[in-house]
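Below, each chain spelled out in residue letters.
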Amino acid sequence: MRVIIRKTYEEISDIATKLVASRIEKKPAFVLGLATGSSPLGLYRGLIDMNKKGLISFKKVKTFNLDEYYGLKGDHPQSYRYFMNTNLFDHIDIDKANTMVPDGMAQNWEEFCRNYEQKIKEAGGIDLQVLGIGSDGHIAFNEPGSSLTSRTRLVALDAQTIEDNARFFEDKNQVPRFALSMGVGTILEAKEIILIANGKNKAKAIAQAIEGPLTSIISASALQMHPRVSYFLDEEAASELKRVNYYRFVEGAEKKLGKEIF
Ligand code: GLP
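Residues numbered from 1 in each chain as written. Predicted model: local features only at pLDDT ≥ 70, side-chain atom pairs only at ≥ 80, totals over all residues. Heavy atoms only, no water.

A. Geometry of the sheet that holds strand β7 (residues 153-156). The antiparallel open sheet is built from three strands, whose spatial order is β4-β8-β7. Strands with a single pairing partner mark the edges of an open sheet, and in this sheet they are β4 (67-69) and β7. Across the sheet, the mean angle from the axis of one strand to that of its neighbour is 30°, orientation sign disregarded. (Pairing = 2+ DSSP bridges. Helix = DSSP H or I, 4+ residues; strand = E, 2+ residues; numbered from the N terminus. Axes fitted to C-alpha atoms, helices over the stretch in contact; angles between N-to-C directions.)

So, in structure tokens, the structure goes:
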């Protein structure tokens with residue numbers, strides 16, 4: 001596990017952008033797992049910028065999004081499909097047919113979720129999964145208590161998540177109560193994972209995920225089972241971590257070696 005801490009959100013977004021861009025450079029037919037929410041927005045802006053400057057191309061890239069609200073059409077301004085189009089896909093040279101977001105209107109959601117998993121397999125698996133974290137420690141929409149081996153499925157949203165996301169809707173009652181989400185087990189199969197978190201309201205969840213016990217109550221703690229995870233944190237999100245000196249020491253060692261140390 002790598003924990004990279006910087007003063008500002010801009011700095012961590014910049015480092016995350018460089019990491020993702022370097023992976024795509026090495027493998028143009030990259031399979032990229034994507035997240036919504038405010039945390040990855042700086043990364044998306046960075047990728048758009050590099051694409052516009054001709055430094056990276058998404059022509060051969062396939063993307064799979066983590067989740068989608070159940071009951072929202074892709075053109076609903078709060079749907080995750082709409083979010084991805086407006087914050088990333090519309091601004092880069094990706095073929096939209098290669099961008100997969102769960103279909104929030106899927107009637108037969110069980111079959112849809114099975115097919116989504118199948119599509120990921122057929123694409124060769126996810127090379128790198130981008131994650132944010134909920135204030136209650138969830139990843140994607142794997143609410144507290146989600147099985148650590150869970151797969152893509154219909155999830156009932158937790159009251160905390162509904163509360164956190166109400167700011168995007170006219171009122172709390174409009175927040176969907178269900179979502180389709182990759183499972184914790186699905187996410188753990190990605191070959192590499194990066195998690196971006198900023199702000200004080202993520203500090204507790206981050207400390208529990210990185211330094212707390214492995215528990216389904218904090219689904220991000222499952223990342224402790226994964227061999228290639230990088231956390232990108234601003235100082236506020238890192239403020240409840242106990243081993244910051246060690247993480248900084250490892251980063252210094254990486255610089256000397258010219259290699260990432262997981
Ligand atoms: C939602 C999403 C998660 C995201 C989380 C945090 O619950 N399903 O994937 O990580 O919100 O969002 P934000 O980055 O806006 O804090």
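B. Representation of the site of the ligand within the structure. Close contacts around the ligand come from Gly37, Ser38, Ser39, Asp67, Tyr80, Gly132, Ile133, His138, Ala140, Phe141, Arg167 and Lys202, and that covers them all. A distance of 2.5 Å separates an oxygen atom of the ligand from a polar atom in the side chain of Ser39. Here Ala140 contributes a backbone N or O atom positioned 3.1 Å from a nitrogen atom of the ligand. (Near = heavy atom within 4 Å. Polar contact = N/O pair within 3.5 Å; in protein donor to acceptor, adjacent residues only side chain to side chain.)

C. Structural context of the sheet that holds strand β3 (residues 62-65). As summarised here, the arrangement of the seven strands in space is β1-β10-β9-β6-β2-β3-β5, forming an open sheet in which the pairing is parallel. Looking at which strands have only one partner, the edges of the open sheet turn out to be β1 (2-6) and β5 (99-100). As defined by bridge partners, strand β2 (residues 31-34) adjoins strand β6 (residues 128-131) across two bridges and the pair is classed as parallel. Looking at the pairing, Gly33 lines up with Gln129 of β6.

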